[in-house]
Every structure is written in C-alpha cells, then in structure tokens.
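# Chains, contacts and geometry: an overview
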Amino acid sequence: MTNLAELAKKKGIKYFLISFTDMFGVMRSKLVPTAAMAAMQKNGAGFAGFATHLDLTPADPDMFAIPDADSLIQLPWKKEVAWVSSDLVMDGRPLEQAPRQVLKQVTAAAAKVGYVFKTGVECEFFLLEGDSCHPRLARGSRDAEKKEVEAMNNTSTGSVYSHRSPHKAGMTKLADRSDTQLKPCYDQHALMRQYDLISELCDHMQTLGWGPYQNDHEDGNGQFEMNWDYAEALTTANRHAFFKFMTRTLAEKYGMRASFMPKPFAGLTGSGCHMHFSLWDKTGKKNLFADSKGELGLSKLAYHFLGGVLNEASALCAITNPTVNSYKRINAPVTASGSTWSPNTISYTGNNRTHMVRIPDSDRFEIRLPDGAANPYLLPAVVLAAGLAGMANKIDPGKRLDNNMYETPDPKVGRLPQTLHDALGQLEQSKVLKAGLSENFVASYLKLKRGEWNRYLGQVSAWERETYLDV
C-alpha cells in the first residue's frame, strides 16, 4: 500500500483533502496536514455522519473516512494539495449506505462471477454569472419574477425575448451574454469565448492521465460538455466526482459558477450525464459485449444485461435522476433549439438519440437517462446491479426500435416516471435493486429523498402565484 506521508514528501504535498461523497452527491472533506497523514491513513478522518446527507443521527458514533491511496489526485492548479477519495467506516465496519461502498459492493459481486464493469461519462454543465446566479442573491422583485415566468414559458414562440431570457435581470444569468443563438450546439465562437476555462480543465485532465479527447458547446446556451476515456467503474466514479469539484473551482477562478443542475432553464436543453458502459472478462482485456456475429455487433450477454436495465428503468430513475428538478429534463416539452436530447420512454435503439438507451458502436451501450445531479458512485452501481440481474435471468430486452420517439412515439412502449415521487415508489418495489444495492441502503435512500420531496411540496413557486393568485 502506498504510504501517503512519504509520497507527500516526494511530491511537495502540504495538505490532503480526505473526501467522501454523500447520498445527495455532495462532496465532504477534511483538510489534513501532511504531518498527520500517517495516522489518518491508518485510522481515518472522523466525521459526524448526521451532519451530511446520510441516514444517521447525533446518537450514532463518529464515522471515519479511510483514504484510498489509489485514488489520489494532486490538484494540478494547487500542487501543494492532494485530493483522495475515502471509504467510510463506523464501529469498525464499512458503512453500508455510503455511495462509494455501494459501488464497491456491486463491482465485487460482478468480480465474483468473473466480470469487470467499465464506464465513461459525458458531463454537461452550464456556466453562469458568479454571485448573481445564487438563488439567495438573485431574487428580484415580483415584477422580475413575473418576467421570468413569462420568458421561460414562452419559448415555443421562438421569440428573441424568450430565447434570451437566461440573461434577464433578477434571474439566474448565463456568464456569456453573447451566447444567444437559437441553435447554439457546437457554436465555435461561444466555445472559444470560454477557451481559458475549458482549455485549463482539459490540460489538467491530460496531466492527470485521463485521456480527454473532446470538448464542445452543447445544445443549451451557456452549456458545455467535456469527455475523457472510459475506465473501470470505480476509477471513472472517482474522476467524475473530482471533475465536478475541479470544474466548479476553476469556474470560480474566472468569475463564473458552473452548475450541473439537470434543468436550470425551462426553455433550454437540460444537462445530462450520459453513461457508456460495457462488461469485460476478469482480466479486463476482453470486452464481453462485443460480438461480430451478434445484432449490431453485440453479444447475447450484452442484450441480457440491457434487458435487466430496461426492466428496472422506472426504479433506476430514482438514482439516475435524483432530484425534483430532474423530471423537468426527462419527459420535457420541446426546447428552444428544437430537441430535449433526453428520453421519455423505456426503449432502446441503434444510433438514434431519441431513446433511453442507444447503441453508438458495436462494443457498448449508452444510457441517456442520467442527468447532472446523478451521484458519481450510485450511477454505475445501479446500472450494474440491474444488468447483472438481467444476465442471471436471461432477460430479453425486446425488439429494438428505430423510430423518432419524439415525433412518432410508440404507444406500446412504457413511459418514464413523471416525478421523483413516482420514481421513489418504483425503487421501493424493486426486489432487484434492493438485492443488488442492499435493502438497508435503499431504505435509507428512500427516507432521505422522500424528505426532500416533502420539502418541495411545501414550496410555492412564482408560476403558481402568477397563475392562481386571482382565482
């Protein structure tokens, strides 16, 4: 095992961020000086778990974050600090509800039957103005709220006003006020106006050995995506978590705020987190999904895995689309650009972006369901748990559909849940996911997420006031 204290001396590291990600995807850390790392690596950094999004109370003992030396990332922009992902332990045992532990549990189950799960993610995010984009700092007058409602609900008209509404005063505003094209996807000028931030992020990923290969302006004004090479699921999850931290941190350096919120603007495309996935043999060298004689180049094993994912799709949503706002991205009406880029049905296809699962090549699947709020560790865990059950039970995914699901939907195909409440109900009924992720984890997750749903029900929106104030 790598001795972190000794490594720190060689690399000039003065501090370590001993980090973990809670159920809601919030990264929690303690900043530890190198002089204390020998003890921390052995015993872990102590945390009061109830103070985070975990199902714990003040009566529970401290939990300890044991750093995983293999996950260490020296911050490329502040080399005296190193980030390290950690495993949570309480009373000498792994904390079953900790997201990283859930993923390790599911990948261990796959390894036991000879499989290695590999994933790659496509992280989309918006670049917003700095302080003015914070909800507590961006509250305008009732007139401003009224303009926001009008603007964000009139995008179907294609008017310049509604299209540019994310720049209006008193609202969450895009950082680039010149980013106003009706179809902004791949806009070279808008991309290059953010060159300093995007290139710095890409340079850091190259330094870290992630293999970044493309960066682009996405379909929403102010929206971007960055891609790097796939890897084993835990490695990708660590990188996914760190990428969100790095992007937010460097955006602040440039006076902006990076948001991974699924649907910050009603009239613009939401931020997805499409995940590509494949299953390999225990050596990690042979892709078991690839079969030159199979349909679209995929093996029977791959289709059984897919059958499991489709079979659990409604329950998956509770994890892959974990917020109230998530359901304003999927099942969404047409956006200003003409397409939502998100699914609305439980279906799969070939190289067609209107379905939940796409087959972009002959070696993997792409699930287009997850959004920017998806927990980096729970996302691969839930897909793998469903896929393993599909293979074990040889579940047939049914016939591939190649229609445009937006324009000519198939009425026989199941729809995705309409709300977080609906998805949580599906998760509660899923025997497969309770078995794969553990009943204790699912129970704790449902408890915390239903608390979030109930808090949402207690809110009154500007739209409700404008629509119902005079009824």
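A short tour of the structure in this document, coming up.

## Section: unusual backbone geometry
The backbone of Asp 91 sits at a positive phi, close to 55°, despite the residue not being glycine. The topology assignment puts Asp 91 in the loop between β6 (81-90) and β7 (93-94). With relative accessibility at 55%, the residue Asp 91 sits in the exposed group. You will see that Trp 341, though not glycine, has its phi angle at about 60°, which is positive.

## Some details on the packing of helix α3 (residues 99-112) against helix α8 (residues 233-253)
Geometry of a packed helix pair, given as the angle between the helix axes and the separation of the axes. Direction vectors running N to C along α3 and α8 enclose 160°, while the axes themselves pass 10 Å from each other. The pairing of α3 with α8 is recorded here as roughly antiparallel in orientation. α8 is crossed by α3, and the crossing has right-handed handedness. For the pair formed by α3 and α8, the contact residues are Arg 100, Leu 103, Lys 104 and Thr 107 on the first element and Ala 233, Leu 234, Ala 237 and Asn 238 on the second. Of the residues in the contact of α3 with α8, the class split is four nonpolar, two polar and two charged.

## Here we look at the side chain of Ser 199
Position of Ser 199 relative to the elements: it lies in helix α7 (residues 195-207). Residue Ser 199 is classed as buried on the basis of its relative accessible area, which comes to 16%. One polar contact links the side chain of Ser 199 to the main-chain carbonyl oxygen of Tyr 195, over a distance of 2.6 Å.

## Let's talk about the packing of helix α12 (residues 420-429) against helix α14 (residues 439-457)
Two elements in contact, α12 and α14, have axes separated by 10 Å at closest approach and are oriented at 165°. Considering the angle they form, α12 stands roughly antiparallel to α14. In terms of crossing hand, the pair formed by α12 and α14 is left-handed. Seen from α12, the contacting residues are Leu 420, His 421, Leu 424, Gly 425, Leu 427 and Glu 428; seen from α14, they are Val 442, Tyr 445, Leu 446, Lys 449, Arg 450 and Trp 453.

## Considerations on the environment of Gln 429
Tracing the backbone through its elements, the reader meets Gln 429 in helix α12. With 128 residues separating them in the primary sequence, Gln 429 and Leu 301 have C-alpha atoms 26 Å apart.

## Some words on the pairing of strand β14 (residues 357-361)
Judged by how many residues are buried, β14 sits mostly within the fold: four of five residues are covered. Pairing geometry for β14 and strand β15 (residues 364-367), over three bridges, is antiparallel. In the strand pairing of β15, Val 357 is matched with Ile 367. Between β14 and β15, which pair antiparallel one after the other, the connecting turn spans two residues.

## With respect to the packing of aromatic side chains
Evaluation of the coordinates by the stated rule reveals 26 aromatic pairs. Judged by centre distance (6.0 Å) and plane angle (35°), the rings of Trp 77 and Phe 242 are tilted. Of this pair, Trp 77 sits in the loop between β5 (73-74) and β6 while Phe 242 sits in helix α8, placing them 165 residues apart in sequence. Note on Trp 77: relative accessible area 23%, which makes it partly exposed. What makes Phe 242 buried here is its relative accessible area of 0%.

Reading the values: rules and limits
Residues numbered from 1 in each chain as written. Predicted model: local features only at pLDDT ≥ 70, side-chain atom pairs only at ≥ 80, totals over all residues. Heavy atoms only, no water. Helix = DSSP H or I, 4+ residues; strand = E, 2+ residues; numbered from the N terminus. Buried < 20%, exposed > 50% of the residue type's maximum accessible area, 1.4 Å probe, protein only. Axes fitted to C-alpha atoms, helices over the stretch in contact; angles between N-to-C directions. Parallel < 35°, antiparallel > 145°, perpendicular 65-115°, else oblique. Left-handed = near helix turned anticlockwise from the far one by under 90°. Contact = heavy atoms within 4.5 Å. Nonpolar A, V, L, I, M, F, W, Y, C, P; charged D, E, K, R; others polar. Polar contact = N/O pair within 3.5 Å; in protein donor to acceptor, adjacent residues only side chain to side chain. Pairing = 2+ DSSP bridges. Phe/Tyr/Trp six-rings, centres within 6.5 Å; stacked < 30°, edge-to-face > 60°.

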